[in-house]
Amino acid sequence: MDHPIEENVQKVLNLIEEAKARRSPTLTHDVELVAVSKKQPISSIIRAYECGIRDFGENYVAELHEKAVNEEIVHKCPEIRWHFIGHLQSNKVSKLLACPNLFRIHTIDSVKTADFVQKHFAKMPNKPPCLSIMIQVNTSGEQTKSGVTPTEALELVEHVIKKCPDLKLDGLMTLGALNHDVTKGPNPDFVTLQKLKDTIDAKFGEKNNLSMGTSGDFEHAIELGSNCVRVGEKIFGPRKY
């Protein structure tokens, strides 16, 4: 039998605090929890919101838009912040930017996509001062995953900083290889992203964040410096397709 969402949220928050306590003393930043609500019903999102969760992640533009404009969510979750964490196609940018309470896009993976988002966001009426974005990096080199290579990331970061004035670069995101055995050492994907962040911070004089870690490895990701973890099934239970 599944545990209730309320119990799951508290358990995940406790695990986050325990993982923070195991970090290097040099890591003192807070950790943002994004509840991945893909394929979860409106009622589950509201229950998680009532537990204090404010950040929710979606993988598909159409699903995010449908939930963001849902009257019940608009009424009961006024402070909700939506995170887009799926692959972003250029022809879906306008619809994504039209989502109420869109807070961050985690998956900018090309100059073309960055320019598309910049162009459409700049045209929006009554828009916020800037849009938070992250660069998605394919640290594992798997062809099935989106993201720039670590080498390409440097060029894309520079492009966003210099050519996309309405986009606020908040850091780097990776999915990483699943099922890494931590008894064999730190996850190399997380280590790669941390080193890339250090290089980018030094080159551009910015302090970037890391979005890494999901239900199966978020504690390990926190120990290695993650600022943001994306947790779905450990909060909501199995997805209902």
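Definitions and limits used
- Residues numbered from 1 in each chain as written.
- Predicted model: local features only at pLDDT ≥ 70, side-chain atom pairs only at ≥ 80, totals over all residues.
- Heavy atoms only, no water.
- UniProt positions renumbered as here; feature names shortened; annotations may be inferred.
- Salt bridge = Lys/Arg side-chain N within 4 Å of Asp/Glu carboxyl O.
- Helix = DSSP H or I, 4+ residues; strand = E, 2+ residues; numbered from the N terminus.
- Buried < 20%, exposed > 50% of the residue type's maximum accessible area, 1.4 Å probe, protein only.
- Axes fitted to C-alpha atoms, helices over the stretch in contact; angles between N-to-C directions.
- Parallel < 35°, antiparallel > 145°, perpendicular 65-115°, else oblique.
- Left-handed = near helix turned anticlockwise from the far one by under 90°.
- Contact = heavy atoms within 4.5 Å.
- Nonpolar A, V, L, I, M, F, W, Y, C, P; charged D, E, K, R; others polar.

Identification of the protein as Pyridoxal phosphate homeostasis protein from Araneus ventricosus is taken from an unreviewed UniProt entry. Quoted straight from UniProt, the Sequence similarities (unreviewed entry) entry for the protein says "Belongs to the pyridoxal phosphate-binding protein YggS/PROSC family." Under the UniProt heading Function (unreviewed entry), the note attached to the protein is "Pyridoxal 5'-phosphate (PLP)-binding protein, which may be involved in intracellular homeostatic regulation of pyridoxal 5'-phosphate (PLP), the active form of vitamin B6."

**Q** So what exactly am I meant to see when it comes to the pattern of salt bridges here?
**A** Opposite charge on two side chains permits pairing when their charged atoms draw close. A full pass over the atoms with the stated rule returns 17 salt bridges. The closest approach of N and O atoms between Arg-104 and Asp-170, which form a salt bridge, is 3.2 Å. With a gap of 66 residues between them, Arg-104 in strand β4 (residues 102-108) and Asp-170 in strand β6 (residues 167-173) connect regions that are remote in the sequence. Comparing Arg-104 with Asp-170 shows no difference in burial state: the two are buried.

**Q** What is the right way to read the UniProt feature "modified residue: N6-(pyridoxal phosphate)lysine" (unreviewed entry) in the protein from this model?
**A** The feature "modified residue: N6-(pyridoxal phosphate)lysine" (unreviewed entry), as given by UniProt, occupies Lys-38 in the numbering adopted here. The exposure class of Lys-38 is buried, given its relative accessible area of 12%.

**Q** Teacher, can you tell me more about the packing of helix α7 (residues 150-163) against helix α8 (residues 188-204) here?
**A** Axis angle and axis distance: for two packed helices, these are the angle between their axes and the distance between the axes, and together they describe the pair. Here α7 crosses α8 at 40°, and the two axes come no closer than 11 Å. Classified by the angle between their axes, α7 and α8 sit oblique to one another. Considering how the two elements wind past one another, α7 and α8 form a crossing that is right-handed. When α7 is examined against α8, the residues Pro-150, Ala-153, Leu-154, Val-157, Glu-158 and Ile-161 are found in contact with a partner set consisting of Thr-192, Leu-196, Thr-199, Ile-200, Lys-203 and Phe-204. Counted by class, the contact of α7 with α8 contains eight nonpolar, two polar and two charged residues.

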